[in-house]
Amino acid sequence: MYIVLDMDLGGLQRIINLLIHKTDKKQFTPYLCCLDRGGLFYEQLKLDSIKTYILQRKPGIFDMTLFKKLYKMLKENKIDIIHSHNGCTLYAALAGRFAQVKGIIHTDHGRLVPDRWGAIIEDRVSSLLIDKFIGVSEELTEYLASKVKINRKKLMTIINGVDTERFKPINLEQQNKLKKAIGLNNGDKIIGTVCRLDPIKNLEFLINCMPSICEAIPECKLLIVGDGPDSEQLLKHSQTLGLECKVIFMGRKADIENILPLFDIYINTSLSEGTSMTILEAMACGVPVIASLVGGNPAIVREGKNGYLFPLDRTALLISRVLELLNNTRKRSEMGKEARKIIEIELSFDHMLQKYSELYINLASS
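All figures in this text were calculated on a predicted structure; none of them were measured in a lab. Note that residues are indexed from 1 along each chain, following the sequence as it is written. Selection of residues for local features in this predicted model requires a pLDDT of at least 70, selection of side-chain atom pairs for listing and counting requires 80 or more, and totals for whole chains, interfaces and linings are taken over all residues. Side-chain metrics rest on all non-hydrogen atoms present in the structure, leaving aside hydrogens and water.

### Details of helix 2 (residues 40–47)
Of the residues making up helix 2, those classed as buried are F41, Y42 and L45. Projected down its long axis, helix 2 carries its buried residues within an arc of 105 degrees, all on one side. In the core, the buried residues of helix 2 are packed alongside helix 1 (11–22), strand 2 (31–34) and strand 3 (51–54). Secondary structure elements follow DSSP: runs of H or I of four or more residues count as helices, runs of E of two or more count as strands, with numbering from the N terminus. Looking one or two residues past helix 2, S49 carries a phi angle of roughly 65 degrees, positive in sign. To sort residues, take the accessible area from a 1.4 Å probe on protein chains only and compare it with the maximum for the residue type: under 20% means buried, over 50% means exposed, and anything in between is partly exposed. The directions considered for the arc run from the helix axis to the C-beta atoms. By the convention used here, residues are in contact when the closest approach between their heavy atoms is within 4.5 Å.

Take a look at the structure:
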């Protein structure tokens, strides 16, 4: 049983959606439990006849009614393995142990900066009842050991993988069709990002770079895909800078496989990251990446090979890297091909699925 807060659009949710769809059904029967609410992926999974639950957690430190429902659900469905995700450690650990499941796995997809002390304590205590605690980058796993104080014997790293069939490069003709469909010109040079519009994604910083970039390359446009609490503020900020025609807010999109391939450069300016799914998906589409030097980014963006990294206090370096790549078609193409190669060899979804499947089997048979 996969336990998650919700199954709306997001990198974490896409991973769970893929795990449920691609796990070998001859070996495993997947179930899905959302502690808070459903969402787009939840509705899709219901249509695919996956057994799903929404428990609608009540506000407060601990919802005893939810705990009882979860315990009953685990017993009735004879669940062998729990695989929980961000925000669900305590309920998964307690209900799982009371229901005597064979194994409990938790995957941490990234931490807030600064991390909430309450979340640290919750994960630290819950980890005592959890068999394996997974970080999606080596940096995150080290943080879980040193800061959250999780037993290193329980820790391991499994980097997120990409569905290389869904996310793939397209040719120039296809790219121009996609541009036309969203009102762009063939000659536009596109830098873009896909994320939740949240302070941790540092998008105001990115927007502040656009006047300098557009002055050097007038045909450059920034596409921001996603929504979130910063949506209105970021829109107003771009308008204040006179960037109404240069910064395009596309809102939330379910078909980002049809948007990422039209980017000339993928930009990530986050203050903190685990392993960014959208960076991986952009790489799978053959798009070079420029990313902040934080979290798991250095493990997937190899300097000068499939993109560039920049320290968050080096605005001029980010701008110069963008201009360099936008002005050099050959270099962009070479980096894009290297990005796709890295995904195919090291970071495909199949690699990740194999590691989780092995964990499930080992815990179920122990």
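### Side note on the pairing of strand 11 (residues 265–268)
Every regular strand shows the same layout, with side chains that alternate between the two sheet faces. Neither face of strand 11 is left uncovered, since the one carrying I265 and I267 and the one carrying Y266 and N268 both have all their residues buried. The pairing criterion for strands is at least two bridges between them, as found by DSSP. Across two bridges, strand 8 (residues 189–194) lies against strand 11 in parallel orientation. When the bridges of strand 11 are listed, G192 appears paired with Y266. Relative to strand 12 (residues 289–292), strand 11 runs parallel, the two sharing three bridges. Among the inter-strand pairings, I267 is bridged to a residue of strand 12, identified as I290.

### Some details on the packing of aromatic side chains
Any two rings among Phe, Tyr and Trp, with Trp reduced to its six-membered ring, count as a pair given centres within 6.5 Å; such a pair is stacked if its planes are under 30 degrees apart, edge-to-face if over 60, and tilted if neither. If you walk through the whole model with that rule in mind, you get eight aromatic pairs. Ring geometry for F28 against Y360: centres 5.6 Å apart, planes inclined by 80 degrees, an arrangement best described as edge-to-face. In this pair, F28 sits in the loop between helix 1 and strand 2 while Y360 sits in helix 14 (residues 349–365), placing the two residues 332 residues apart along the sequence. With respect to burial, F28 and Y360 carry one shared label: buried. Ring geometry for F205 versus F310: centroids 6.1 Å apart, planes at 5 degrees, classification stacked. Taken as a pair, F205 in helix 8 (residues 203–216) and F310 in strand 13 (residues 307–310) lie far apart in primary sequence, 105 residues in all.

### What to know about helix 12 (residues 315–326)
End to end, helix 12 covers 17 Å across 12 residues, agreeing with the expected 16 Å (1.5 Å per residue, within 8%). Among all positions in helix 12, only L317, L318, I319, V322, L323, L325 and L326 are buried. Given the number of residues in a helix, its expected span is that number minus one, multiplied by 1.5 Å.

### What to know about the nonpolar core
Within soluble globular proteins, side chains that are nonpolar tend to cluster in buried spots. Counting 58 residues, the largest nonpolar core has M7, L19, L32, L260, F263, Y266 and M283 as its most contacted members. The element best represented in this core is helix 14, accounting for seven residues. Among all residues touching L32, those that are not within four sequence positions of it are Y2, V4, M7, I16, I20, Y42, L45, K51, T52 and Y53. For the purposes of this section, nonpolar cores are sets of buried Ala, Val, Leu, Ile, Met, Phe, Trp, Tyr and Cys residues that join through side-chain atoms within 4.5 Å.

### So, the packing of helix 4 (residues 89–98) against helix 5 (residues 117–126)
Angles here are taken between N-to-C directions and fall from 0 to 180 degrees, while the axes themselves are lines fitted to C-alpha atoms, restricted in helices to the stretch in contact. The contact between helix 4 and helix 5 brings their axes to 9 Å, and the two run at 25 degrees. The angle between helix 4 and helix 5 places the two elements in the roughly parallel class. For helix 4 against helix 5, the interelement crossing comes out left-handed. Contacts between helix 4 and helix 5 involve T89, L90 and A93 on the former and, on the latter, E122, D123 and S126. Only Asp, Glu, Lys and Arg are considered charged in this grouping, and only Ala, Val, Leu, Ile, Met, Phe, Trp, Tyr, Cys and Pro are considered nonpolar; every other residue, Gly among them, is considered polar. Looking at the contact of helix 4 with helix 5 residue by residue, the classes come out as two nonpolar, two polar and two charged. Comment on the angle field: the value is read as roughly parallel under 35 degrees, roughly antiparallel over 145, roughly perpendicular from 65 to 115, and oblique elsewhere. Definitions for this section: a left-handed crossing has its near helix turned counterclockwise from the far helix by less than a right angle. A right-handed crossing has that turn clockwise.

### Points about a nonpolar patch on the surface
On the surface, W117, I121 and V125 cluster together into a nonpolar patch covering about 300 Å² of accessible area. Of note, V125 is situated in helix 5. Like charges are joined within 9 Å and nonpolar side chains (Val, Leu, Ile, Met, Phe, Trp, Tyr) within 5 Å, but only among residues with over 30% relative accessible area and no salt bridge; these make up the patches. Only the protein chains shown count as cover for residues, and all accessible areas are computed by the Shrake-Rupley method using a 1.4 Å probe. Each salt bridge in this description consists of a side-chain nitrogen of Lys or Arg and a carboxyl oxygen of Asp or Glu lying within 4 Å of one another.

### What to know about the sheet that holds strand 12
Read from one edge to the other, the open sheet built from six strands follows the order 10-9-8-11-12-13, with strand pairing classed as parallel. This sheet does not close on itself; its edge strands, each paired only once, are strand 10 (247–251) and strand 13. Direction aside, the axes of adjacent strands within the sheet are offset by 20 degrees on average. Summarising the sheet, strand 8 and strand 9 (residues 220–225) pair through six bridges and their orientation is parallel.

### So, the pairing of strand 10
Bridge count for strand 9 against strand 10 is four bridges, and the pairing is parallel. Residue pairing for strand 10: I224 is matched across the bridge by F249. Handedness of a crossover is defined as follows: orient the strands so they point away from the viewer, and if the path from the first strand over the helix to the second runs clockwise, the crossover is right-handed. Taken together, strand 9, helix 9 (residues 231–240) and strand 10 form a β-α-β motif whose crossover is right-handed.

### Thoughts on the state of the cysteines
Disulfides are defined as pairs of cysteine sulfur atoms found within 2.5 Å of each other. All chains considered together, the criterion is met by zero disulfides. For the unlinked cysteine C33, the closest cysteine sulfur is that of C34, found at 6.8 Å.

### Digging into the sheet that holds strand 5 (residues 103–108)
Here seven strands make up an open sheet; going across it, the order is 3-2-1-4-5-6-7 and the pairing parallel. Strand pairing shows two members of the sheet lacking a second neighbour, strand 3 and strand 7 (155–157), which therefore form its edges. Neighbour-to-neighbour, the strand axes of this sheet turn through a mean angle of 20 degrees, independent of strand direction. Of the pairings in the sheet, the one linking strand 2 to strand 3 comprises four bridges and is parallel in character. Bridging from a neighbouring strand, Y31 pairs with K51 of strand 3. In the packing of helix 1 onto the sheet, contacts are made with strand 1 (2–4), strand 2 and strand 4 (81–85), and the angle to strand 1 comes to roughly 165 degrees. Across the sheet, helix 2 is in contact with strand 2 and strand 3; its angle to strand 3 comes to roughly 145 degrees.

### Some thoughts on the side chain of T52
Mapped onto the elements, T52 comes out in strand 3. A relative accessible area of 16% means that T52 is categorised as buried. Definition of a polar contact: a pair of N or O atoms within 3.5 Å, with one able to donate and the other able to accept a hydrogen when the atoms are protein atoms, and with sequence-neighbouring residues admitted only if both atoms are side-chain atoms. Polar contacts involving the side chain of T52 include one to the side chain of Y42, which spans 3.1 Å. Leave out the neighbours within four places in its chain, and T52 touches L32, Y42, L45 and K46.

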